[in-house]
Amino acid sequence: MFPNYIWDFYNRKEKKIYLTFDDGPIPEITEFVLEQLQLYNAKATFFCIGDNIRKHPDVFKKIIHNGHGIGNHTMHHVKARKTSFSDYIEDVLLCEDEISKHFPFENKLFRPPYGQLSKSKLTELKRLGYQIILWDILAKDWMKSMTPEECFKIVTKNSKEGSIIIFHDSIKASKNLIETLPRVLAHFIEKGFILDKI
């Protein structure tokens, strides 16, 4: 329906799940995620906010050192609907510059905050060489009304080969993330899935 976006990798027909983490890097929380991924020999993709990279470069370097994928999530987590074309593209490029200080950003992945993107902004990002990565499974870990058990069920009951799952390595999501992520990793490993980066 939206051919300019990547929602999943069902067509790869591989027994893989693609975990993604938005909004980091954040000390302790991102580091917890990295420890859990290492325990299960799992790879993931981190869609980072440029301002958080600027504030926490050592945490960002740990993501790179552990061999995970990196994506652009804008410099300041801006909303496409409330930001002009030029300001939005500038915010993306600022994040790209921040990433490039630490990492050769060649496989240019982008996830728009809130999943919002206008046609003109999409066209320009594609021209700049970005792949737009969305998702088919949203853990809803940032929602105060959600429990860790509900997050776990959403992810495990709805995912299949090629699913792209969103978690958040953020303070807001940490309560659910810390309880849910180890169980999710154990579940998919037990089912014989490879957890890979995009």
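For the structure itself, consult the block above.
Structural notes, computed from the coordinates. (Residues numbered from 1 in each chain as written. Predicted model: local features only at pLDDT ≥ 70, side-chain atom pairs only at ≥ 80, totals over all residues. Heavy atoms only, no water.)

Another aspect to go through is the overall build of the chain. Broken down by element type, the chain carries seven helices and nine strands. Against the globule reference of 16 Å for 198 residues, the chain gives a C-alpha radius of gyration of 16 Å, in line with a compact fold. Residues counted as buried form 54% of the 198 residues belonging to the chain. If you take every contact in the chain between residues at least 6 apart in sequence, the share linking residues at least 24 apart comes to 76%. Charge centroids of the chain, computed over 29 positive and 26 negative side chains, lie 5 Å from each other. (Helix = DSSP H or I, 4+ residues; strand = E, 2+ residues; numbered from the N terminus. Rg over C-alpha atoms; globule rule 2.2 N^0.38 Å. Buried < 20%, exposed > 50% of the residue type's maximum accessible area, 1.4 Å probe, protein only. Contact = heavy atoms within 4.5 Å. Lys, Arg positive; Asp, Glu negative; His and termini not counted. Charge placed at Lys NZ, Arg CZ, Asp CG, Glu CD.)

Tallied over the entire structure, the rule returns nine aromatic pairs. Look at W7 and W135: their rings are 6.5 Å apart centre to centre, the planes differ by 65 degrees, and that puts the pair in the edge-to-face class. Of this pair, W7 sits in the loop between strand 1 (5-6) and strand 2 (16-22) while W135 sits in the loop between strand 6 (131-133) and strand 7 (137-138), and the two are 128 residues apart along the sequence. Overall, the relative accessible area of 33% leaves W7 in the partly exposed class. Given a relative accessible area of 19%, W135 falls into the buried group. A ring pair is formed by F105 and Y130, whose centres lie 6.1 Å apart and whose planes are at 55 degrees; its orientation type is tilted. With F105 in the loop between helix 4 (85-100) and strand 5 (109-110) and Y130 in the loop between helix 5 (119-127) and strand 6, this residue pair connects regions lying 25 residues apart in the sequence. (Phe/Tyr/Trp six-rings, centres within 6.5 Å; stacked < 30°, edge-to-face > 60°.)

Remark: helix 1 (residues 29-39) packs on helix 7 (residues 174-190), axes separated minimally by 10 Å, with the N-to-C direction vectors making an angle of 10 degrees. Relative to helix 7, the element helix 1 is oriented roughly parallel. Every residue of helix 7 that contacts helix 1 at I29, F32, V33, Q36 and L37 is listed here: S174, L177, I178, L181, P182 and L185. Considered class by class, the residues forming the contact of helix 1 with helix 7 number nine nonpolar, two polar and no charged. (Axes fitted to C-alpha atoms, helices over the stretch in contact; angles between N-to-C directions. Parallel < 35°, antiparallel > 145°, perpendicular 65-115°, else oblique. Nonpolar A, V, L, I, M, F, W, Y, C, P; charged D, E, K, R; others polar.)

As a further point, take the state of the cysteines. Enumeration according to the criterion identifies zero disulfides in this entry. C95 provides the cysteine sulfur closest to C48, a residue in no disulfide bond, and the two sulfurs are 7.3 Å apart. Judged by relative accessible area, C95 falls into the buried class, the value being 0%. (Disulfide = S-S within 2.5 Å.)

Right, let's talk about the nonpolar core for a bit. In this structure, L19, F21 and F167 are the most contacted members of the largest nonpolar core, which totals 56 residues. Beyond its immediate sequence surroundings of up to four residues, F21 is in contact with V33, L37, A44, T45, F46, F47, F167, D169, L177 and L181. (Core = buried A, V, L, I, M, F, W, Y, C linked by side-chain atoms within 4.5 Å.)

Right, let's talk about the layout of surface pockets for a bit. Rolled over the atoms, a probe sized like a water molecule indicates the empty space that remains. Here the largest pocket is characterised by a volume of approximately 340 Å³. Lining the largest pocket are 16 residues; nearest its centre among them are D23, H77, Y114, W142 and H168. Its residues assigned to classes, the lining of the largest pocket shows seven nonpolar, five polar and four charged. Each pocket or cavity is described by its volume, and for the second largest pocket that value is around 150 Å³. (1 Å grid on protein atoms, 1.4 Å probe; cavity = no way out; pocket = protein on both sides within 12 Å on 5 of 7 lines; lining within 4 Å. Points joined across faces, edges and corners; volume = space filled by probe spheres on them.)

Topologically, L122 is positioned in helix 5. Residue classification places L122 among the buried positions, given a relative accessible area of 8%. Separated by 118 residues in sequence, L122 and N4 have C-alpha atoms that sit 8.1 Å apart.

What is shown is where atoms sit, not what they do.
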